[in-house]
Amino acid sequence: MQIRDLPYADPGVPDVRSGTGFLLWLGRRQLGGQLKCLLWGLLFQLGIAGLPLGVGLAVQAVVDHDGGRLALGLLLLAVLGVAIAVGDTMVHRAAVTNWITAAARVQQLLSRKTAELGSLLTRRVAAGEVVAVSTGDVEKIGWFVEAASRFAAAAVTLLVVCVGLVLYQPDLGLVVALGVPVLALAALPLLPRATRRADVQREKAGRATELASDTVAGLRVLRGIGGEELFLRRYRAASQEVRRAAVRSARMWALIAAVQVLLPGLLLLTVVVHGARLALDGRISVGELVTVYGAVALTHHALRNFEEIAMAYSFSRPSASRAARVLALTRTTTEPTAEDDPRKEGARVDDPRAGGPRADGSRVDDPRADGPRADGPRADGSRTDEPRADGSRTDEPRAGGSEEEGPRADGSRTDGPRAGGSEVGGPPAGGSTAGGLRDLYDPVTGVLAPAGRLTAVVCGDPDAAGRLADRLGGHPADPGDGHVSVLLGGAPLDGLPLDAARTAVLVQDKDPVLLSGTLRELLDVPSSGAVAAEAALEAAQCGDVLDALAQASVDTGGDPMRTRITERGRSLSGGQRQRLALARSLVTDPEVLVLDEPTSAVDSHTESRVAAGIKRLRAGRTTVVLASSPLLLDVADRVVLVHEGTAVAAGTHRALLAGESRYRAVVTRETDAERTLDTELRQLEELEGESA
């Protein structure tokens, strides 16, 4: 693989069991580049190792006054010089190629994982760690990959030098053969401590980076509460901890470097002293002494690769471990089990797939028990949109103006909780669809969003609402071992292919992110094409945002669609950012749109118009809004109250407001005293009615 061939068509499936396993997998995937770098490295290193032979040959030729051998020695030096020049150039080229291609492979793997997990990634991994993995860690991993082949070439070269010196001059060669392994392995006892100190330094640096990121992200809030100095002191303290950890780590690496200089010097001194004695005794020639001396002196160059690979591994292993942790994250999937069988005995009465009688005698698949539904066939073959005997339709109010929602003859309500806590208005049996749409159902909470309807969900707890929104989108932050998927049309959403699931259900969370770019680029998202950007902006009440962008544009001729939006929309107010994000979601036009508090940052007048816009633009499409605002709840076709993680009531906003005290407490912010007084008044009215 050459740099010009990037990116990879398929970066492969990595070994994410450990950091070391990931590094080995990456090395195997770069095998061609590694072998190429190894061969060029051998040419370079062996060329250097051969220089003493040419020098010794030339020196001995001068001593012996042998012109032919002198010419041979000079020719050998010239050939070795060319080999060193070519080898050095090509090994550097190959090593850099290995580094860049390895880093590119890791970045592609991280990009693929980011695209797969989406916003779920930062819910499972700290944002600072994601930034560290995608920037500095990628470089460290690439460093180890490119250093590995150069280290292999250096190891082979040292082996050749030791064997060659033993054969060339056994007396001195044995000293070198025994000393070089000691030099190569001398730093090993120091590596664990150096690695631990380096890990501590990186950990503290990561915390400081996260603190800096949080400070910058919340700078506006910090200024509002006067907390800049507090966070500045915290960052200053964290920075000093990083400095101290870096100094301690540098001391260990300085000690390792000193050992790598001291021991070769001692070996060289030993060779010189011993060789001088052998030369005085006439057992070796001057040329042989020069050759051995030069070979030992030049081993320092190869030994530096041992120090480098030790540093590269100690720095890259934690980086590879972090990358492996991120790459090991998977999309939550659910295999169909016996619990998903709607015919299973003991299935919940509010499970839209489970046919059979409810506690009040009605059936889940009986549309008459629940009031109006989306037009479509009933289980008995009749249709909800057929006329009644009196000429009215099941989806219209009966004669006299009364609607099906309200009290039954038995005193129960179609818009309130049934016996057993089951929900009202469930879809036809088996999760059948209306107009090609599919119902969305959460078996854990019992929340049901009928196809083609606007369903509002009231939780009372904003955090619980956020977790429910994630579940409905198939992105639970912490699924756990007993994870149960939401059902789309009776099928587990997690079991659908990723593209199909994302096309079907879109979740807009409380804090949507606006990417930098023009407004046209912001709204240029994958969509069905049925909703124009202008219609979405109008529904989201973005007129004032367009005016502000038009005034802010300098070189766009007043065209707001061509005006650039700063990173995260920092130049806009919170309400403006929220409405632009809503417009982007409306443009996408998914089958099911889940909105978590889409109007929490706008005023009530604008919120009323936004609610009407959502109702109008999403007509006939399935929409779930998690909110507690009466303005949004009043336009919903159906409202579900979730209490302590379970759907306990369903109906219209006004019906629940009149008949469900828990709902009224959440929506109207009713106090405990007011709730107690209301209960006492109701009991008094019931007693008066019984006495009458």
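Throughout what follows, the structure given in this document is the object of discussion. Just so you know, these numbers come straight off a predicted model, no measurement behind them.

**Focus on the overall build of the protein**
Phase 1: Helices and strands together make up the secondary structure of the protein, namely 21 helices and 12 strands.
Phase 2: The 692 residues of the protein split such that 45% are buried.
Phase 3: In the protein, once contacts between residues fewer than 6 apart in sequence are set aside, the share between residues at least 24 apart is 72%.
Phase 4: Counting only carbon and sulfur atoms, one obtains 58% of the accessible surface of the protein, whose full area is about 33,700 Å².

**A look at the sheet that holds strand β3 (residues 454-458)**
Phase 1: Across the sheet, 6 strands lie side by side as β6-β9-β10-β3-β11-β12; this open sheet has mixed pairing. Looking along the sheet, the strands with just one partner apiece sit at the ends: β6 (505-508) and β12 (646-651). Averaged over all neighbouring strand pairs, the angle between strand axes comes to 20°, with direction disregarded.
Phase 2: Pairing between β3 and strand β10 (residues 622-626): 4 bridges, direction parallel. Bridged to T455 within β10 is V624.
Phase 3: Contacts between helix α11 (residues 462-472) and the sheet are confined to β3, β6, β9 (592-596), β10 and β11 (638-643), with β9 contributing the most and set at about 165° to the helix.

**A short note on the sheet that holds strand β4 (residues 487-488)**
Phase 1: In space, the 4 strands of this open sheet follow the order β2-β1-β4-β5, with antiparallel pairing throughout. Either end of the sheet is taken by a strand with one partner, and the two such strands are β2 (448-449) and β5 (491-492).
Phase 2: Pairing geometry for β4 and β5, over 2 bridges, is antiparallel. From the neighbouring strand, L488 faces β5, where its bridge partner is A491.

**A closer look at the packing of aromatic side chains**
Phase 1: For the structure shown, the criterion picks out 5 aromatic pairs.
Phase 2: Centroid distance F22 to W25: 6.0 Å. Interplanar angle 20°. Geometry classified as stacked. Taken together, the residues F22 and W25, both in helix α1 (residues 19-29) and 3 residues apart, mark about one turn of the helix. In this structure, F22 and W25 share a single accessibility class: buried.
Phase 3: Put simply, the rings of W143, W253 and F315 touch in pairs and so form one group of aromatic residues.
Phase 4: Directly above the ring of Y8 sits R105, whose terminal nitrogen or CZ lies 3.9 Å from the centroid.

**Some thoughts on the environment of L42**
Phase 1: Within the element layout of this structure, L42 appears in helix α2 (residues 31-63).
Phase 2: Residue L42 is classed as buried on the basis of its relative accessible area of 18%.
Phase 3: In this structure, the C-alpha to C-alpha distance between L42 and A153, residues 111 residues apart in sequence, is 5.1 Å.
Phase 4: The residues touching L42, leaving out its near neighbours within four places in the chain, are G47, A153, V156 and T157.

**Focus on a positive patch on the surface**
Phase 1: A grouping of R193, R196, R248 and R251 is seen on the molecular surface, where their side chains present a positively charged patch.
Phase 2: Secondary-structure elements contributing two or more residues to the positive patch are α7 (191-217) and α9 (228-280).
Phase 3: Following the sequence through the fold, R248 ends up in helix α9.

**Topic: the packing of helix α6 (residues 170-185) against α9**
Phase 1: The contact between α6 and α9 brings their axes to 10 Å, and the two run at 170°. Taken together, the axis directions place α6 and α9 in an arrangement best described as roughly antiparallel. The residues of α9 that touch α6, namely those facing D171, L172, V175, V176, G179, V180 and L183, are Q260, L263, P264, L267, T270, V271, H274, G275 and L278.
Phase 2: Of the residues belonging to the contact of α6 with α9, the class tally is 10 nonpolar, 5 polar and 1 charged.

**What to know about the pattern of salt bridges**
Phase 1: Going through the model one piece at a time under the given rule, you end up with 22 salt bridges.
Phase 2: With a shortest N-O distance of 3.3 Å, R283 and D171 are connected by a salt bridge. Of the two residues, R283 is situated in the loop between α9 and α10 (286-328) and D171 in helix α6; the sequence distance between them amounts to 112 residues.
Phase 3: The exposure class assigned to D171 is partly exposed, which follows from its relative accessible area of 30%.
Phase 4: Here D442 and R471 are joined by a salt bridge, their closest N and O atoms 2.6 Å apart. Taken together, the residues D442 in the loop between β1 (440-441) and β2 and R471 in helix α11 connect sequence positions 29 residues apart. The same class applies to D442 as to R471, namely buried.
Phase 5: Connected through shared salt-bridge partners, E146, R150 and E308 make up one network.

**Structural notes on the nonpolar core**
Phase 1: Within the largest apolar cluster, 43 residues are counted, with the highest numbers of intra-cluster contacts made by V458, L519, L580, V639 and Y663.
Phase 2: The element best represented in this core is helix α16 (residues 574-588), accounting for 6 residues.
Phase 3: If we skip the residues at most four places from it in the chain, V639 touches A456, V458, L633, A649, A650, G651, T652, H653, L656 and Y663.
Phase 4: V106, L117, V145 and A312 belong to the second-largest nonpolar core, a separate cluster that totals 27 residues.

Parameters at a glance
- Residues numbered from 1 in each chain as written.
- Predicted model: local features only at pLDDT ≥ 70, side-chain atom pairs only at ≥ 80, totals over all residues.
- Heavy atoms only, no water.
- Helix = DSSP H or I, 4+ residues; strand = E, 2+ residues; numbered from the N terminus.
- Buried < 20%, exposed > 50% of the residue type's maximum accessible area, 1.4 Å probe, protein only.
- Contact = heavy atoms within 4.5 Å.
- Areas by Shrake-Rupley, 256 points an atom, 1.4 Å probe, with all protein chains shown as cover.
- Pairing = 2+ DSSP bridges.
- Axes fitted to C-alpha atoms, helices over the stretch in contact; angles between N-to-C directions.
- Phe/Tyr/Trp six-rings, centres within 6.5 Å; stacked < 30°, edge-to-face > 60°.
- Lys NZ or Arg CZ within 6 Å of the ring centre and 35° of its normal.
- Patch = residues over 30% accessible without salt bridge, like charges linked within 9 Å, V, L, I, M, F, W, Y side chains within 5 Å.
- Salt bridge = Lys/Arg side-chain N within 4 Å of Asp/Glu carboxyl O.
- Lys, Arg positive; Asp, Glu negative; His and termini not counted.
- Charge placed at Lys NZ, Arg CZ, Asp CG, Glu CD.
- Parallel < 35°, antiparallel > 145°, perpendicular 65-115°, else oblique.
- Nonpolar A, V, L, I, M, F, W, Y, C, P; charged D, E, K, R; others polar.
- Core = buried A, V, L, I, M, F, W, Y, C linked by side-chain atoms within 4.5 Å.

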